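Survey of secondary and tertiary structure
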Amino acid sequence: MSASDSAGRPAPSTGQLVLQRVGQLARKSWSTLRQSRLGMIGFVIVVLFALIAILAPVIAPYPRLYLAPDVDRFQNKAYTLDLPANLTYAEPVLGPTTPLSNAAGAMWELNYNRTAGIIYMNPLEYAVGFNESPFLSSNYTRTIDITQYFKLAPPPGLPMVSLYYVVPSTLLNGSLGPSLLNGGIAFFSGQDFVAADPFSANAFFRDRMNFTPTWTGEDPLAAGDLLIAPAQRSSCFGIICTPVGPYQYFYASNGTETVVYEVQYGNAWASSIDTGSRVFSLNVTLSAPPFVYYNPSGVTSADAYRSGPGQGIFLPLANGTLEVADVTGTVRAFVPLTLDGAPATVVGNIGYTQAQYPLRLYLPLRSATASGMAYLDLNTLTLGTMYTLPGTGWQPLGHTFSRTGSDYFSAWYNATSNDTYFVGATQVNATTASGISYQLVPQFQVHIPGRVLSYFYSFEQNRVFFLGSDHRIFSLMTVYSGSSAVTPDEFPVFPPTGVQSIEYGGSFHGTLYGSLSTQELWGVWTDPVTAQTVAFQLQGSVRTPLPPGSYPSGNTYLWGTDFFGGDILTEWIYGTQIAFLVGLLAAFFSVGIGTLVGVISGYYGKTLDTLLMRTTDVFLVLPFLPIVLVLISIVSPSIWIIILVIAILGWPGIARVIRSQVLSLKERPFVDAARVSGASDLRLVFLHIAPNVLPFSFLYMSLNVGGAIITEAALSFLGFGDPTVTSWGGMLSNLLTFSGALHAWWWLLPPGLGITFLSLGFYLIGRGFDEIINPRLRRR
Amino acid sequence: MASLGRYIVRRLIQGLLTLFIVTIIIFLLWKAQPGSPLDGLRGNPTIPKQTIAYVASEYGLNDPFWIQMYKYIVNMFTFQFGESITGVPVISIIQQALPRTLLLFGGAVVIEYMLGILVGRYIAWKRGSAVEGGVIMTSLFFFNMPSFWIGLILLYIFAFTIPIFDLGHFQDASFVLKHYPWAGTDPSSLWFQFVDVASHAVLPMLTLVLISSAGTILLMQTSMLEVMGEDFILTAKAKGLSERIVRKRHAARNAYLPVVTSIVIALGFVVGGAIILEQIFSYFGMGYYLLTSIETQDRFLAGAILFMISLLVIAGNIVADILYGVLDPRVRI
């Protein structure tokens, strides 16, 4: 051919000739393929898919690993209850009915009117499964007019300052109380403090103070958001043991006078132990509200479980000292307050840790130059600075709160810049000169315009929910995200403008203990003006897989989403890339190996041939998929390993065909002629034999691509795929894992159709060649 | 017939040799798995070191590599598979699972080849018609479809949307009681048992037939077309034989040959398909147990199932070859 007429030019090397032959082959292939209608159909299909694969980043509607936002994935239902109108309500109070580890029960929602002193109690029962309002599942509503209901003489003074729910306890005799009509209330009204059972109208403790309190509070572990159940304990003197507690504490102060009450309340079936007492009173000026902490896990039996590091009365004195007393009233210590070495005073609510360890309180401090947070170690009563904020314009909001002691979350408001600053941090072990200590590493910080009205932390979701000054609810992820800038997600539930506070409702099972499903969690608000109270789901019911359509976030998912909220169209488009990668590479390698083995075996013959062909026989009968599965399970799944394994096990059929071709080619006159003119074995194989078997290799390659695509899909489908790539088989695998999603036809159809059509496309190309170039090949 | 007998013996020897090599490969795979079979014991702090050492020597884990391989092969060939990690003897799991898989896939292969041969023969004769084009396109479509996807779609249609069949399992009396009142109410009766097993096998079997008959149809068609171009067909026609006779006696007879050999290759793929389909339909056969054993790193069970599958495929090959010999007059002479 071209080599013979190039007398003047240097003879082309074997390599150049091979390239030339391959080019000729490609041109010839194209002209033969054009003659076959099926082949052309296949070609068009493959080209279309190839375009999709190449343009994937451009045409995919979302980034590859995009997940639909929670707004779309969950349906946040809100249920409304109308309270008696013409009254102005305070923020709602919530409390569970049965002790916390018992899952049977309900929550009470208490709404009260301060001026008239009327309390409305409504049970909230878990009803998501039945898709009905949690308010309507029962009719045990209680209306309590505090001036008449308890028949106290003289009646408690008005207005009502604050209301608390007293959580029922586990008693030593195992008594848990009824699952619904259970729980106590405590309230400050005028100068009165009253602790009572609202179901039996029994006010078991009452005290009249000589001041009207401005600050009141309870020990937070007895509050509505508690996770530690109050429990009765056994206190022994010698051999005589008596049950003590369970204790709950309440404080009241007007800034100069402070009292602390101890209330002992069991449950509605054990009214004989209900009692209370004033344990502490003090006349000193305070800089911030006092605090009582009673963590049942951290107390010791020395004084009937009223001592130890897990309890205390904490009084932030205006002189920059923290007075610490046991809940019995015995003064324990005076801790001088400093922030980064400078004298400071407490400027807001003291925060706390719920878990047993480390027992720590969080003090928002302000010195002459800075604001900041310090922790108080309850074991040693020593102070440590956690962080400082520049300037003194910062005012802490709410209670700094830590669920486990290893993370905490607090909010500050700056009036000058009119923004709220959320700081969340996690605690890591750090080695210092004195040994291991804890260091708080800021996880995220976010500024929110305006003064946040109210916020709470949902540990189960790692989210903080807050009510902004514009009366919209947002939620913030509090998990370390790698960046310090966190964007709040707007919550698709909208309170009316009168709402000043949102409360954490926990689970309406009546328990707040243990790992709750995030779907069971609720929040509650009461609009003081319209007299409507609303319970809303914090996460909501899962709606994924989403059918095709437009969703609240404004996103449109043309082909719907999968269970995790991934866009099916995006995944499908990126799946095309993987299908091409696996199909082409695996087919290329297996055909390469097959051709090589076939040519060597056919050309050299004899022992080498026998050996290679026996190996081929063994490979031919190997159960392909089971072996691939075992191989993949040994090595860690990666797309490259999968390609390799498919290639290694896929070659024997091709080797057989190529060998038979080589056997016949070897005897053709043109090979003899080349050999006689002195061509080396290598030249014979590459220049004379290989170009003539390449069409077969090419044909087998196009037939094999489909097989490789299907095999990869099958591997991914069985869970042996590469988890880091988005493949069609993997999409179907996820579908089966969440078999509840079998109804999601928009998820089921695209990957399968993709596999079918792409593999069909390659197969048709192969068949097109098959029909035109080599009719003999049909006899496989 | 003596030559046929010799042929069979030669194939048997070849098959045994192949099985031997496959067993070595299984052993190598078995050795290549990460960790040691003793890891479970070592992880348990209450088991003393001496016990572990005893177990190791008892199971031959301290033996040299070749000895271990020898023992493994001997045990495999004598069907001494040991115990699964659940404590159940592997052989009893296989005794339970194998008939199920054979029922499902034996049935599917028979139906598939009957269907494939009949349809392939028919469309070869109807060359150029619309029927041929339709059948070819449909077959090509199914041929390139992943089996598990068809399985899922069948589940979606016939078990999820219209609950004619159960969503899975090999047997489930409660489903039969609820949905097939005509099967009677006595779960121990033979008829009830039959309905139970059959109704659970329908969907996986249908999937297999849909997937694999496409290949057979295409192969039978091309094979028929080639045979029909041969001179002896022309001769038969020239003799004045009817079209039907020529098609059935002369053409089809000879066209069967490549189809029968294709069973050889198909068997391996059918077993592969079995694994996935048994997984989708929770059909507790060999494939299902293989997958479970791989996931739970149940070495003995996985090895034994792999061995049994290979044995089946090799045996199937031999049977196919012998059938070939019986069918092909040139081999018979």
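Residues numbered from 1 in each chain as written. Chains lettered and ligands numbered in written order. Predicted model: local features only at pLDDT ≥ 70, side-chain atom pairs only at ≥ 80, totals over all residues.

1. Focus on the overall build of chain A
Note the cut-off: Numbering of helices and strands starts at the N terminus; helices are DSSP runs of H or I of at least 4 residues and strands are runs of E of at least 2. To sort residues by exposure, count the other C-beta atoms lying within 10 Å of each residue's C-beta; 20 or more gives buried, 12 or fewer gives exposed, and values between give partly exposed, all with C-beta atoms placed from the backbone. Two residues qualify as being in contact provided that their C-beta atoms, derived from the backbone, are within 7 Å of each other.
Secondary structure assignment for chain A yields 13 helices and 40 strands. Per-residue burial for chain A yields a buried fraction of 48% across its 780 residues. Pairs at least 24 residues apart make up 61% of the contacts formed inside chain A by residues separated by at least 6 positions.

2. Some details on the confidence of the model for chain A
Residues and elements named next belong to chain A. What counts is decided by this rule: The pLDDT score gives, residue by residue, the confidence of the prediction method on a 0 to 100 scale.
For chain A, mean pLDDT is 83; residues scoring 70 or higher make up 90% of the total. Predicted confidence in chain A is weakest over strand β30 (residues 435-449), with a mean pLDDT of 67, and strongest over strand β15 (residues 257-264), with 94. Contacts of residues 1-7 to residues separated by more than four positions or lying in other chains number 3 contacts, the stretch itself having pLDDT below 50.

3. Describing the interface of chain A and chain B
Threshold: Residue classes follow a fixed rule: Ala, Val, Leu, Ile, Met, Phe, Trp, Tyr, Cys and Pro count as nonpolar, while Asp, Glu, Lys and Arg count as charged, and any other residue, Gly among them, counts as polar.
At the interface, 34 residues of chain A touch 40 residues of chain B. Mapped by element, the contributors of at least two residues to the side of chain A that touches chain B are α6 (606-621), α7 (624-634), α11 (681-717), α12 (728-737) and α13 (745-773) of chain A. Of the residues in the side of chain A that touches chain B, the class split is 24 nonpolar, 6 polar and 4 charged.

4. A look at the pairing of strand β7 (residues 160-166) of chain A
All names here are of chain A. Inclusion rule: Pairing between strands is defined by DSSP: at least two bridges between them are needed.
Burial runs high along β7: 7 of the 7 residues are buried. Both β7 and strand β8 (residues 184-189) contribute to a ladder of 6 bridges, which runs antiparallel. Each bridged residue has a counterpart across the sheet, and for Val166 the counterpart in β8 is Gly184.

5. Describing the sheet that holds strand β10 (residues 202-208) of chain A
Residues and elements named next belong to chain A. Defined as follows: Comment: axis = line fitted to C-alpha atoms, over the contacting stretch for helices; angle = value between 0 and 180 degrees taken between N-to-C directions.
As summarised here, the arrangement of the 4 strands in space is β7-β8-β9-β10, forming an open sheet in which the pairing is antiparallel. Every other strand in the sheet has two partners, leaving β7 and β10 as the edge strands with one partner each. Across the sheet, the mean angle from the axis of one strand to that of its neighbour is 15°, orientation sign disregarded. Pairing of strand β9 (residues 192-197) with β10, which is carried by 6 bridges, proceeds in the antiparallel orientation. Bridge pairing in β10 places Asp192 opposite Arg208.

6. Quick look at the packing of helix α5 (residues 568-604) of chain A against helix α9 (residues 652-666) of chain A
Residue and element names in this part refer to chain A. The criterion, for reference: In a left-handed crossing the near helix is turned counterclockwise from the far helix by less than a right angle, and in a right-handed crossing that turn is clockwise.
The contact between α5 and α9 brings their axes to 7 Å, and the two run at 40°. Of the two possible hands of crossing, α5 and α9 adopt the one that is right-handed. Across from Ser590, Val591, Gly594, Thr595, Val597, Gly598, Val599, Ser601, Gly602 and Tyr603 in α5, the residues of α9 making contact are Ile654, Ala655, Val657, Ile658, Arg659, Val662, Leu663 and Lys666. Taken together, the residues of the contact of α5 with α9 break down into 10 nonpolar, 6 polar and 2 charged.

7. Regarding the sheet that holds strand β6 (residues 142-145) of chain A
Residues and elements named next belong to chain A. The antiparallel open sheet is built from 4 strands, whose spatial order is β3-β4-β5-β6. Two strands lie at the open edges of the sheet, namely β3 (93-96) and β6, each paired on one side alone. Between one strand axis and the next, the sheet turns through 20° on average, direction left out of account. Direction of pairing for strand β5 (residues 118-124) relative to β6: antiparallel, over a ladder of 4 bridges. Bridge pairing in β6 places Tyr120 opposite Thr143.

8. Some details on the nonpolar core
Filter applied, for reference: Nonpolar cores are identified as sets of buried Ala, Val, Leu, Ile, Met, Phe, Trp, Tyr and Cys residues joined via C-beta atoms within 7 Å. Where each domain starts and ends follows an automatic or database-derived domain assignment.
Counting 156 residues, the largest nonpolar core has Val628(A), Ile709(A), Ala714(A), Phe148(B) and Ile305(B) as its most contacted members. If you tally residues by element for this core, the top one is α11(A), at 17 residues. Per-domain counts for this core show at least three residues from each of domain 1 (2-77) and domain 2 (94-332) of chain B. If sequence neighbours within four positions are ignored, Val628(A) has contacts with Val645(A), Ile646(A), Leu649(A), Thr711(A) and Leu715(A). Of all hydrophobic cores here, the second largest spans 118 residues; its members include Tyr89(A), Ile185(A), Phe205(A) and Leu376(A).

9. Describing helix α10 (residues 231-238) of chain B
Burial runs low along α10(B): only 0 of the 8 residues are buried. Within two residues after α10(B), Gly240(B) carries a phi angle of roughly 95°, on the positive side.

10. A look at helix α6 (residues 130-143) of chain B
All names here are of chain B. For clarity, the threshold we go by: Take the residue count of a helix, subtract one, and multiply by 1.5 Å to get its expected span. Directions drawn from the helix axis to the C-beta atoms are what define this arc.
Between its first and last C-alpha atoms α6 spans 20 Å; for 14 residues at 1.5 Å apiece the expected length is 20 Å, and the two agree. All of the buried residues along α6 are Val135, Ser139, Leu140, Phe142 and Phe143. For α6, the angular spread of buried residues about the axis comes to 165°, placing them on one side. Structural note: α6 exposes Ala130, Gly133 and Gly134 on the side pointing more than 90 degrees away from its buried face.

11. Regarding unusual backbone geometry
Residue and element names in this part refer to chain A. Here the amide bond leading from Ala153 into Pro154 is cis, since omega sits at -10°, within 30 degrees of zero. Here Pro154 shows up in the loop between β6 and β7. Residue Pro159 follows Leu158 across a cis peptide bond; omega there is -5°. Take Pro159: it is sitting in the loop between β6 and β7. You will see that Ala201, though not glycine, has its phi angle at about 60°, which is positive. Structurally, Ala201 is set in the loop between β9 and β10. A residue is classified by how many C-beta atoms lie within 10 Å of it, and Ala201, with 12 of them, is exposed.

12. Some details on the packing of helix α2 (residues 37-54) of chain A against α5(A)
In a packed pair of helices, the relevant descriptors are the angle between the two axes and the axis-to-axis distance. Residues and elements named next belong to chain A. In plain terms, the rule: Relative orientations are named as follows: roughly parallel for angles under 35 degrees, roughly antiparallel for angles over 145 degrees, roughly perpendicular for angles from 65 to 115 degrees, and oblique for any other angle.
At their nearest, the axes of α2 and α5 sit 8 Å apart, and the two run at 115° to each other. Classed by the angle they form, the pair α2 and α5 counts as roughly perpendicular. As α2 runs across α5, the sense of the crossing is left-handed. Of the residues in α5, those in contact with Phe49, Ala50, Ile52 and Ala53 of α2 are Ile573, Thr576, Gln577 and Phe580. Within the contact of α2 with α5, the residues separate by chemical class into 6 nonpolar, 2 polar and no charged.

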